[in-house]
Amino acid sequence: MNISLIEEIKRENPQIQVVVASKYIDSDHIRAFYHLGQKCFGENRADELASKAEELQDSKDIDFHFIGHLQSNKADLVLPYISTLHSLDSIKLAALIERKRATPLDCYVELKMSDNPNKHGVPLDQLDSFLKTISEFNKVNVVGFMAMSEPDMSDLEKRALFEEVVALAKDYGYSKTSMGMSDDYPLAIEAGTTCIRLGRILFEKEECKAIYQSYFKE
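Residues numbered from 1 in each chain as written. Predicted model: local features only at pLDDT ≥ 70, side-chain atom pairs only at ≥ 80, totals over all residues. Heavy atoms only, no water.

Peer 1: Honestly, the packing of aromatic side chains in this entry has me stumped. Any pointers?
Peer 2: For any pair of aromatic rings, the description rests on two quantities: the centre-to-centre distance and the angle between the ring planes. Throughout the structure, instances matching the rule amount to four aromatic pairs. On the basis of an interplanar angle of 75° and a centroid distance of 5.8 Å, the ring pair of F145 and Y172 is categorised as edge-to-face. Pair noted here: F145 is in strand β7 (residues 140-146) and Y172 is in the loop between α7 (155-171) and β8 (176-178), with a separation of 27 residues, a long-range link. Ring geometry for F145 versus Y174: centroids 5.4 Å apart, planes at 75°, classification edge-to-face. Remark: Y174 occurs in the loop between α7 and β8 and F145 occurs in strand β7; sequence separation between them is 29 residues. As far as burial versus exposure is concerned, F145 and Y174 are alike and both buried. By way of ring pairs, the aromatic residues Y24, F33 and F203 are connected into one cluster. Here the basic side chain of K39 rests over the ring of Y34, its NZ or CZ set 3.9 Å away from the ring centre. (Phe/Tyr/Trp six-rings, centres within 6.5 Å; stacked < 30°, edge-to-face > 60°. Helix = DSSP H or I, 4+ residues; strand = E, 2+ residues; numbered from the N terminus. Buried < 20%, exposed > 50% of the residue type's maximum accessible area, 1.4 Å probe, protein only. Lys NZ or Arg CZ within 6 Å of the ring centre and 35° of its normal.)

Peer 1: Looking at this structure, how should I read the side chain of S22?
Peer 2: Mapped onto the fold, S22 is located in the loop between β1 (17-21) and α2 (27-35). At 2.6 Å, the side chain of S22 and the side chain of E43 are in polar contact. (Polar contact = N/O pair within 3.5 Å; in protein donor to acceptor, adjacent residues only side chain to side chain.)

Peer 1: Please clarify how the nonpolar core should be interpreted in this entry.
Peer 2: As a rule of thumb, soluble globular proteins bury nonpolar side chains together. Within the largest apolar cluster, 61 residues are counted, with the highest numbers of intra-cluster contacts made by L85, L88, V109 and F145. Sorting elements by how many residues they give to this core places α7 first, with six residues. Apart from residues lying up to four places away in sequence, L85 is in contact with F66, L70, L93, I97, L105, D106, C107 and Y108. By size, the runner-up hydrophobic cluster in this structure holds eight residues, among which are V19, Y108, M146 and C195. (Core = buried A, V, L, I, M, F, W, Y, C linked by side-chain atoms within 4.5 Å. Contact = heavy atoms within 4.5 Å.)

Peer 1: Whenever I open this one, the pairing of β1 confuses me. Can you help?
Peer 2: In terms of residue burial, β1 counts as a mostly covered element, since four of its five residues are buried. Relative to strand β9 (residues 195-198), β1 is paired through four bridges, and the arrangement is parallel. Bridging from a neighbouring strand, V20 pairs with L198 of β9. The parallel pair β1 and strand β2 (residues 40-43), bridged by α2, forms a crossover whose chirality is right-handed. (Pairing = 2+ DSSP bridges. Right-handed = clockwise from strand over helix to strand, strands pointing away.)

Shown next as structure tokens:
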């Protein structure tokens with residue numbers, strides 16, 4: 001893991017939460033990086049998150065987020081383990097959270113910012129009614145909005161999208177946004193996001209191996 005990049009981001013932007021996309025590594029590697037100071041990890045597969053969370057129960061303050069699309073039939077697997085969901089996109093999922101969570105769950109509402117049929121999220125023209133409906137659920141704590149850029153967008157288009165989402169969050173009274181991944185996180189930070197999700201940029205196979213071996217030799 002490129003720990004130095006995370007430290008640099010946090011040093012220059014102390015308001016930014018860095019969520020490490022840990023789908024690239026196994027539980028032993030997560031434990032090693034946890035002991036190097038990284039506490040927040042994000043998974044996008046329900047079964048893998050549940051398995052890793054079980055294996056890492058001894059790491060008491062590890063913070064798991066779910067950052068992928070959460071299918072309703074997989075919700076039971078992850079809801080006991082996560083502090084934050086980055087992809088709330090349906091009333092059905094909100095209702096499941098309401099029924100199955102023992103405590104309120106912090107949620108980012110995923111916004112659908114394009115016409116791409118393969119993208120999930122709440123369309124902007126449905127956002128008012130969506131937020132009004134889920135406000136009735138006590139276990140769904142909306143903290144802000146999540147959005148993703150499209151790969152074929154220019155940097156100007158990506159930054160404009162991020163700025164629009166930050167502005168929308170403020171208009172609705174939220175202070176947080178989850179935007180920016182390995183390819184575009186600097187643009188998201190410039191636009192004012194408060195959370196970025198980094199994966200591929202942090203992991204170089206040989207570097208991961210070296211850090212892992214160093215940790216377990218201690």
